[in-house]
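Examining the three-dimensional arrangement
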Amino acid sequence: MINYRVENLVALVEELKKDNVTIVDEISEYDYGKFIHVLDPEGNIIELWEPIGDLE
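Residues numbered from 1 in each chain as written. Predicted model: local features only at pLDDT ≥ 70, side-chain atom pairs only at ≥ 80, totals over all residues. Heavy atoms only, no water.

- In the nomenclature of an unreviewed UniProt entry, the chain corresponds to VOC family protein from the organism Sphingobacterium kitahiroshimense.

Here you go:
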């Protein structure tokens, strides 16, 4: 699985939905960030992560 750190996960998921990207689950929130899983065109799971605080 590939994991990408992103900014503004909620807005990104809305854009992905508009582009008909398969969303595997709902956004999960933890003390250290938000996560969601999507599928790439080949069916591979990609994890998107918005960490709490700066991305640095």
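**Structural notes on the packing of aromatic side chains**
- One pass over the structure, following the stated rule, counts four aromatic pairs.
- On the numbers, 5.4 Å between centres and 5° between planes, the contact of Y30 with Y32 is stacked.
- When the centroid spacing of 5.9 Å and the interplanar angle of 70° are considered together, the rings of Y30 and F35 count as edge-to-face.
- Residue class for F35 comes out buried when judged on its relative accessible area of 13%. (Phe/Tyr/Trp six-rings, centres within 6.5 Å; stacked < 30°, edge-to-face > 60°. Buried < 20%, exposed > 50% of the residue type's maximum accessible area, 1.4 Å probe, protein only.)

**Notes on the environment of G33**
- Along the chain, G33 falls in strand β3 (residues 33–39).
- Distance in space between the C-alpha atoms of G33 and R5 is 9.9 Å, their sequence separation being 28 residues.
- Not counting the four nearest positions on each side in its chain, G33 is found in contact with S28, W49, E50, P51 and I52. (Helix = DSSP H or I, 4+ residues; strand = E, 2+ residues; numbered from the N terminus. Contact = heavy atoms within 4.5 Å.)

**Examining the UniProt feature "domain: VOC" (unreviewed entry) in the chain**
- Mapped onto the present numbering, the UniProt feature "domain: VOC" (unreviewed entry) falls on residues 1–51.
- The annotated region residues 1–51 carries 20% helix and 41% strand content, and the separation between its end C-alpha atoms amounts to 18 Å. (UniProt positions renumbered as here; feature names shortened; annotations may be inferred.)

**Digging into the pattern of salt bridges**
- Counted under the stated rule, the structure contains one salt bridge.
- Across the pair E15 and K18 runs a salt bridge whose closest N-O atoms are separated by 3.3 Å. Of this pair, E15 and K18 both sit in helix α1 (residues 9–18), three residues apart, roughly one helical turn. (Salt bridge = Lys/Arg side-chain N within 4 Å of Asp/Glu carboxyl O.)

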